[in-house]
Amino acid sequence: MVKFKGSQRPRKGSSVTTSKGVQLNRSLTDRRKASKQGRAAAKAEYLSTLPKERIKRILYRLHPKRVMAFWFSREGALMALKLTGIGIIVCFFLVIGLFAYFRKDLPKIRDISGDKVGGSISYYDRTNTNLLWQDYSAIKRTPVPGNQISPYLRAATVAIEDKEFYTEGAFNVRGIARAMFKNLTGTGGGNLQGGSTLTQQLVKLNNQWTADRTITRKVKELILAVELEKEYSKSDILTGYLNITPYGGIQYGAEAAAQDYFHIPAKDLSLAQATMLAAIPQAPSYY
C-alpha cells in the first residue's frame, strides 16, 4: 500500500507523488495522457537536434546508421508491425479481387475425362475381344478407369512429373518461383519453365491451354487447379492426367500409348515399359 504524507495526499490533478518521490497517475486516462505528453516531449527534443533546412534534415534522417537505429528501436518495431499488418490486409483483398475477376469467365470443373480433346471409338466383334476397327480423327485416345492403368506407370509419372504430388496442394509456390527465376535469367536451357503440378497440367490439357503461356492464363490455371483439388481425390486427378496427356504423335492417354507402342493394355505395362512412357510427356514431339 502506498502511504502519503500530509501535503502529499491525493488532490485534484492528473498525478500524485509518494513519500519516496514516485509519481503515480490517478487513472488509466491520466496515464495515457502522461504517456502521450512524454512521447510528444521526446519527439520535440529529437526535432530540435535536426538541421533547420528541409533537405539537410532529410539527408540527416536517411543516414544509414540512423535508419538502422530507428528500425531496431521500439518505434521502428511498432512501425514494422503496422506495415506488415497493412501489407497482409492489402494482399488478402488483392487476392480475393483477382480471384473474383478471373473466375467469372472460367468454366466449372465438372468433368476431367478430357472429352474436349477428343477420343477414339473402338469396334469389336460379337465376343467383345477382337478389335475390328478404330475410328479417330487426329487424336487416338481411349480413356480407362484408374485400376486399368499399371501402378508402375502411375508411380513413374509422379516421380518424373511431380514428386510432391501426394503431399502438396494444387500448386507449388517454390516450383513457380523457380520457373520464374529461370525464365527471367535465361537459365532454363532455352525452354520456358512452367513449374506446374500434375493438377495444373490436367487443367491445362483439359482446357486445351497448352499453346497459351500468358500470365492471365496461368492465374486462371491456378484458380481451376485449387477447385479441382476440392472436387476430386489425388488418385482421380492422376487418372485424369494419364488419360489425357500426349505420348507423342497422335497417341493421347496411357491406354492408346500402351496399345500402339507395346500392343498390350495399359494395366499390363512392365516397369521398364512404364518408365519409358512416363518420360515422353516431358517433350512428346521430341521423344
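An account of the accompanying structure is given in this report. (Residues numbered from 1 in each chain as written. Predicted model: local features only at pLDDT ≥ 70, side-chain atom pairs only at ≥ 80, totals over all residues. Heavy atoms only, no water.)

1. Some points on a positive patch on the surface
On the surface, Lys36, Arg39, Arg74 and Lys82 cluster together to form a positively charged patch. Going through the elements one at a time, α1 (28-47) and α4 (74-103) are the ones with two or more residues in the positive patch. Looking at where lysine 82 falls in the secondary structure, it is placed in helix α4. The class of lysine 82 is exposed, set by a relative accessible area of 55%. (Patch = residues over 30% accessible without salt bridge, like charges linked within 9 Å, V, L, I, M, F, W, Y side chains within 5 Å. Areas by Shrake-Rupley, 256 points an atom, 1.4 Å probe, with all protein chains shown as cover. Salt bridge = Lys/Arg side-chain N within 4 Å of Asp/Glu carboxyl O. Lys, Arg positive; Asp, Glu negative; His and termini not counted. Charge placed at Lys NZ, Arg CZ, Asp CG, Glu CD. Helix = DSSP H or I, 4+ residues; strand = E, 2+ residues; numbered from the N terminus. Buried < 20%, exposed > 50% of the residue type's maximum accessible area, 1.4 Å probe, protein only.)

2. Some points on the packing of aromatic side chains
Taken as a whole, this structure holds 3 aromatic pairs when the rule is applied. Plain terms: the ring middles of phenylalanine 92 and phenylalanine 93 are 5.4 Å apart, the flat faces sit at 80 degrees to each other, and that makes the pair edge-to-face. Residue phenylalanine 93 is classed as exposed on the basis of its relative accessible area, which comes to 57%. With centroids separated by 5.0 Å and ring planes inclined at 70 degrees, the aromatic side chains of phenylalanine 165 and tyrosine 166 adopt a geometry described as edge-to-face. Among the residues examined, phenylalanine 165 registers a relative accessible area of 0% and is labelled buried. A cation over an aromatic ring shows up here: lysine 234 above the ring of phenylalanine 165, its NZ or CZ 4.6 Å from the ring centre. (Phe/Tyr/Trp six-rings, centres within 6.5 Å; stacked < 30°, edge-to-face > 60°. Lys NZ or Arg CZ within 6 Å of the ring centre and 35° of its normal.)

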